[in-house]
Each structure stands twice: as structure tokens, then as C-alpha cells.
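Below are the chains, spelled out letter by letter.
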Number of protein chains: 2
Amino acid sequence: MREFKKKARILLVDDNAEHLRGIKELISLETNYDIVGTTTSANIGINLVKKYHPEVVIMDINLPEKDGLQAIQEIEKLELGTKVLVLSGYDDSDLIFRAMKLGARGYILKTMSSAQLVYAIDEILAGKFYLPAALSSRFFDYFQQSFKAESASSSEENLLTYLTSREEEVLELLTQGNNYKGIAGKLFISETTVKTHVNNIFQKLQVNDRTQAVLYALNNGFGRKVRAKISA
Amino acid sequence: MREFKKKARILLVDDNAEHLRGIKELISLETNYDIVGTTTSANIGINLVKKYHPEVVIMDINLPEKDGLQAIQEIEKLELGTKVLVLSGYDDSDLIFRAMKLGARGYILKTMSSAQLVYAIDEILAGKFYLPAALSSRFFDYFQQSFKAESASSSEENLLTYLTSREEEVLELLTQGNNYKGIAGKLFISETTVKTHVNNIFQKLQVNDRTQAVLYALNNGFGRKVRAKISA
DNA sequence: ATTGATGTAAATCTTTAGATTGAGAAAATC
DNA sequence: GATTTTCTCAATCTAAAGATTTACATCAAT
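Residues numbered from 1 in each chain as written. Chains lettered and ligands numbered in written order. Predicted model: local features only at pLDDT ≥ 70, side-chain atom pairs only at ≥ 80, totals over all residues. Heavy atoms only, no water.

**Q** Which residues make up the sheet that holds strand E4 (residues 83-88) of chain B, and what values do they have?
**A** Residues and elements named next belong to chain B. What the 5 strands build is an open sheet, ordered E2-E1-E3-E4-E5; its pairing is parallel. Across the chains shown, the open sheet's two edge strands, defined by having one partner strand only, are strand E2 (33-39) and strand E5 (106-109). In this sheet, neighbouring strand axes are inclined to one another by 20° on average, regardless of whether the strands run parallel or antiparallel. Of the pairings in the sheet, the one linking strand E1 (residues 8-13) to strand E3 (residues 56-60) comprises 4 bridges and is parallel in character. By the bridge assignment for E3, Leu 11 is matched with Val 57. Sitting on the sheet, helix H3 (residues 68-78) touches E3 and E4, and the angle it makes with E3 is about 160°. (Pairing = 2+ DSSP bridges. Helix = DSSP H or I, 4+ residues; strand = E, 2+ residues; numbered from the N terminus. Axes fitted to C-alpha atoms, helices over the stretch in contact; angles between N-to-C directions. Contact = heavy atoms within 4.5 Å.)

**Q** Provide a residue-level description of the pairing of E3(B), including the pertinent values.
**A** All names here are of chain B. The buried count for E3 comes to 5 of 5 residues, which makes it a mostly enclosed element. Of the two faces of E3, the one carrying Val 56, Ile 58 and Asp 60 and the one carrying Val 57 and Met 59 are both buried. With 5 bridges connecting them, E3 and E4 associate as parallel partners. Directly across from Met 59, in E4, lies its bridge partner Val 86. (Buried < 20%, exposed > 50% of the residue type's maximum accessible area, 1.4 Å probe, protein only.)

**Q** Go over the packing of helix H7 (residues 165-174) of chain B against helix H9 (residues 191-205) of chain B with me, naming the residues and quoting the values.
**A** All names here are of chain B. The interhelical angle for the contact between H7 and H9, taken along N-to-C directions, is 95°, at an axis separation of 10 Å. As judged from the angle between their axes, H7 and H9 are roughly perpendicular. For the pair formed by H7 and H9, the contact residues are Arg 166, Glu 167, Val 170, Leu 171 and Leu 174 on the first element and His 197, Val 198, Asn 200, Ile 201, Lys 204 and Leu 205 on the second. Residues that form the contact of H7 with H9 fall into these classes: 6 nonpolar, 2 polar and 3 charged. (Parallel < 35°, antiparallel > 145°, perpendicular 65-115°, else oblique. Nonpolar A, V, L, I, M, F, W, Y, C, P; charged D, E, K, R; others polar.)

In C-alpha cells form, the structure reads like this:
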């Protein structure tokens, strides 16, 4: 079934020692898994990741000392290709969203069956992502919600459309923090020409200075970049 | 099986007339669906949504006149609870991501089986989201990638931490497009004091002017908002 | 008690930004 | 062919921004 012969190294992180044993037994039944460690501490978990380079880390989120989300982030920062499967007691939208944002490959609830856990591990080992339908819906609801306010503002007339292509170039350089001299040098035109363009941009965007122009640009999808209203 | 008795109104939008007929026949076999219209035009499709208020719109993305993504956005803007299922020929990550971002409830490929299409429609009618595993993986890859650069930059030293609380207030007002006079008025301090603060901010953020300061602030998670590197 | 950080403010000066007017050349549109 | 946009540039002017120095009061920490 699977395209790898070697056993997959798995690390368990859960603050509840009993739960830890339970999962360990469950997973031990699967011959393809090799549990390289279990711990109740996020910090120890991170060190175990550094030591054993497990393919998968099954991680509880509500850990005592260190936040599970932070642990995910730190594991991702190691760039060892370690895949984190979150095993949480909470189906909170924000938790799911943040876990996935920080690099988790899957998120399942503790109430789910052992078969589902094994399935999730297999999917993740195969390079896929795994979110059960119910959690997936929560994720997407949250995801789309975070873009809603933004598209509402873009429902108004976007003044950026009135800019000429040259003005767009100038504005692009403005959004990179250039002054007149810098823009003139980069576009190989005189400084006074840049001033003309910038003044025309101000008129069209109905702003008074470059800072406001830059802010308008960033908040209205300029340069194919969008400012998402997502809490860090 | 399903918890609604009334037939679900469905609208088909696809620029390929043959394909349109094919889908129509497929869906007609399902007794629970009522196809209220088919069209090859995005604009006509939007008008049909206004007229018939279908539960589900099955929409092709690469339409001639108007972009399918834009059509999704406009349908969402109507706020009729219409659920859009994207039926696309392309499994491009960016397309999937943008479609979901704009409010699509599902995304399936034209190469998929009719059973899968029906399943997708049912899931969406039940209020869930539907993304096949392969497309889901593409989505999450793209999603996580869009946050990666950001967390990388935050791994560097964040100069914003050196600011005093008063300087943060001043910077906050700078990021709202205020000039010296505006900031002075809002903080009930003199303009020269504001200049002092602003100059100190420049020193600490290692920038030369207010535009660069504002850009630094926005790109480094100032004000609990984060700029996601996501294409519009 | 002294030190250091912070917040406030003024004075002065240089530089940049922004507003306005006018104007020529090329390209697109009609 | 005439007209309109667009891009270019200059000159001039006012306003704002930014740099620098000095100074004083407060508060927290040593």
C-alpha cells in the first residue's frame, strides 16, 4: 500500500501521561510505525525532533509550559521536513486556523477513533494534508471570513484603476520607500518628471501625501499583494 | 439521507456548451436537483442568480468575457447564501486558493467522475466545504507558503520592540497617514515634540523617512495586523 | 542620592516634498 | 488629420519633513 519500506519514525507530545500511553499502544499495533519517543513537554519534544528527525510528530496543543502552536512554529523553523499532526481536544476555528497557518499537516480531535488517527498519519506520511470534514469546514469558514472585510472595501470604486501604467510604476517604487531621487534614478527620468507623476497620483487617489498614497495602494490590492486581516 | 425535502435549485455556468449539456444530463438523473438555468456567460449567470436564488452555482473558471473568479466575488457580494462550486480544468494552486478565498465552497476538476460531482454538491448543500484530497493539499501548500516568508522575517530581530509606548502611539498615527500637525493634535502635544518622537523612531527602525517607517511597521506585524504575501 | 530612560519642548537649519503652471513629443484614439 | 492621453521636463514657490542641539521634569531603578 505505501511506497516506503522503512518504518516511519513517530514522536508523541501530550501533557496527559495516560493519554500518551493510550495513543502509544494504539499506534504500536501498526507495524509500520516506530515510536521514537514520547514526552509531556513541548521543549523536550523539540529537542527530540532535533535528535531523532521523526517523520511525524503527533502533538497536543494545550501544553503547560510552552504553547503547542509555538512548538509547531519552532519545529517548522528547523526545516527537517517533520510533519506535525495536531491532536487537540478543541475544535476551535481559530486554533485550527493558526495551527495550519504555522505549518501543521493535519488536525484531529481526541474524540476521534483510532482508525481515523491511523488514517490521518498515513495521509500525512504520504505528503498530503489531513483535516476531517467538520474541521475543514471550520477552517474554511474562518479563512473566508478573514478576507471578507477586505473585499468589502474593494467593493467600493478602486481608484487605482485610474492610474496610467507609468504612474503605477512610480507608485510601486513609492511603496518600496523610495524618494524622488531614487525613483528618478530607477526609471531613468528626471526628478521633476517624477514629481509630476506623483502629483497626478495624489489627485487620482485623492490623497495629500506619499504616505497616504502608499497606504491606499497597500490596502487596495496594489502590486498583487493584499493585506489580510488576520491576527498574528 | 438528506435533511431537506425541497429540490435544490442549481445553476450551471460553463463556456463550453457541450460540457454544459453533459453536466446537465448527469445532474438531471438526481431527483433531488432542480436545474434552474444554464448559461455560457458569467454576466448572465450573475443575473440568473439574482433572479432564481439557486442554492448552488456550478461554475467554470476560465470564462471568456468575465473572469470566473470575479463572478464568484460578485455572487458572494449579493449575500444570498448562494454556494459556489468551482468546476475547473486546472488544478493550479493559485487558482484554487483564490477561488476559496473569494468564497467558493468547493473546487473540483472536470476530469472527475460524475459520482464525485454529485457527492460534492451534496456536501456543499449540507453546508460543508468540499475539496478533493489532491486539491486540498495544493491549497494548504500554497496557504502555508504564503505565511512562510513572513515568519522568516520575524525570525530576525524586530526593531519595533525597541520603541517606547509613546513612540508606538506616534507610529500608529503615522501608519494612518497623519502628518506632524495631525499627530500633535491627536496626542495633545506640540508639533516639535512629535518631531522628536518621529526622529527617534527613524533612528530605532533604521529608516530615513516616514514612508519607510510605515512600511517597516506594516511588514513587521505592527498593530497586531499581518501582511500576508498573497496575490490578489 | 544618583543614574538612566522617558516624555516634553524650543530653536535652528537643511533638505525634501508638494502645488502649480506651462510646454513639447510621441502614441493612441477618433 | 485632428484630438486626446500619456510621458516627458523645467521653473518657481510654499509647506512640510527631517536633522541636530539643548533643556527640563518625571519616574523607575540602582
